[in-house]
Structures are given as structure tokens and as C-alpha cells.
Amino acid sequence: MASRTPHTDETTRQLKDDLHQLSRTIEELVSATADDSRSNVKELRERAEKRLKDTRERIEARGERLYGEARDSLHHQADACDRYVHDNPWTSIGIGAAMGVVIGMLIGRR
């Protein structure tokens, strides 16, 4: 789990950079519309649309990659849990019973 933290930090940093660039382009577009220069507005609008499209594609790609990594990690953890239960059935029953007692006590206090 700790090995994924630097990767997540890098992804977060890249996302912040992309959003910062996009907001800068939109700010330029807004300031350019103040002087109402048609060619300047058209050029900035095209740049903003391109940057928005690029940012959207990168965010979608990162989301899909993070979803895949989370799914793979969950499958790995579920397989490890299944192996543990099959290798240690009585220990697993004891842990389940203990959890049931604790949850029952907590519910009974209400």
C-alpha cells in the first residue's frame, strides 16, 4: 500500500498542473474578450477548447488507470483473504465469532 503513495501523489500533482493550465487558458480567454478583438478571441477560444479536450482525455485515462489498479488490488486482497481462510479455517471461525460478539455487544448497548 505504501508503494502506491508516490504514484498517487504524482498523479495528483499532474492533475493539479493540468487544471491550473486549463484555468490559465480560460482566464486568458476572458481577458481577451474585454478588448473584443475577433481574431484574438477566436484563437484563444480554439486554444481553450483544445486544452479542455486534452485535459479531459488525460483525466479520463488516469481515472481508468486508477480504477484498474484499485480493481486489481481488490482482487489480490480478496484472493489472499480466501487463501488465508482455506489455510486456517478454525482461526477464521474464531475471528468471525469474536467479531460477532463485539458487534452484538455494540448493537445491544443501544
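Scroll up a little and you will see the structure.
Residues numbered from 1 in each chain as written. Predicted model: local features only at pLDDT ≥ 70, side-chain atom pairs only at ≥ 80, totals over all residues. Heavy atoms only, no water.

On to the pattern of salt bridges, then. In total, this model carries two salt bridges according to the counting rule given. Between Asp 54 and Lys 50 there is a salt bridge; the shortest N-O distance is 3.0 Å. Here Asp 54 pairs with Lys 50, and both are found in helix 2 (residues 38–87), just four residues apart, close to one helical turn. Judged by its relative accessible area of 23%, Asp 54 is partly exposed. Among the residues examined, Lys 50 registers a relative accessible area of 54% and is labelled exposed. Between Asp 72 and Arg 71 there is a salt bridge whose closest N-O contact spans 4.0 Å. Asp 72 sits in the partly exposed class, given a relative accessible area of 47%. When its relative accessible area of 37% is taken as the criterion, Arg 71 is described as partly exposed. (Salt bridge = Lys/Arg side-chain N within 4 Å of Asp/Glu carboxyl O. Helix = DSSP H or I, 4+ residues; strand = E, 2+ residues; numbered from the N terminus. Buried < 20%, exposed > 50% of the residue type's maximum accessible area, 1.4 Å probe, protein only.)

Attention shifts here to the side chain of Arg 62. Take Arg 62: it is sitting in helix 2. Take Arg 62: its relative accessible area is 11%, and that puts it in the buried class.

Here we take up the side chain of Ser 92. Mapped onto the secondary structure, Ser 92 falls in helix 3 (residues 89–108). Residue Ser 92 is classed as buried on the basis of its relative accessible area, which comes to 18%. Other than its neighbours up to four places away in sequence, Ser 92 contacts Tyr 84 and Val 85. (Contact = heavy atoms within 4.5 Å.)

What follows is about the packing of helix 2 against helix 3. Packing of helix 2 against helix 3 brings their axes to within 5 Å, and their N-to-C directions diverge by 110 degrees. With respect to each other, helix 2 and helix 3 are oriented roughly perpendicular. Here Tyr 84, Val 85, His 86 and Asp 87 of helix 2 lie close against helix 3, whose contacting residues are Pro 89, Thr 91, Ser 92 and Ile 95. Class assignment for the residues of the contact of helix 2 with helix 3 results in four nonpolar, three polar and one charged. (Axes fitted to C-alpha atoms, helices over the stretch in contact; angles between N-to-C directions. Parallel < 35°, antiparallel > 145°, perpendicular 65-115°, else oblique. Nonpolar A, V, L, I, M, F, W, Y, C, P; charged D, E, K, R; others polar.)

Right, let's talk about the environment of Thr 55 for a bit. Inspection of the secondary structure puts Thr 55 in helix 2. Note on Thr 55: relative accessible area 3%, which makes it buried. With residues near it in sequence (within four places) discarded, Thr 55 still touches Asp 18, Leu 19 and Leu 22.

Another point: helix 2. Given a rise of 1.5 Å per residue, 50 residues ought to cover 74 Å, and the 73 Å separating the end C-alpha atoms of helix 2 matches this to within 8%. Among all positions in helix 2, only Val 41, Leu 44, Ala 48, Thr 55, Arg 62, Gly 68 and Ser 73 are buried. (Expected span 1.5 Å × (residues − 1).)

This part is about a nonpolar patch on the surface. The grouping of Tyr 84, Val 85, Ile 95, Met 99, Ile 103 and Ile 107 at the surface amounts to a nonpolar patch, some 560 Å² of accessible area in total. Among the elements that line the nonpolar patch, the one with the most residues is helix 3, at four residues. Structurally, Val 85 can be placed in helix 2. On the accessibility criterion, Val 85 (35% relative accessible area) is partly exposed. (Patch = residues over 30% accessible without salt bridge, like charges linked within 9 Å, V, L, I, M, F, W, Y side chains within 5 Å. Areas by Shrake-Rupley, 256 points an atom, 1.4 Å probe, with all protein chains shown as cover.)

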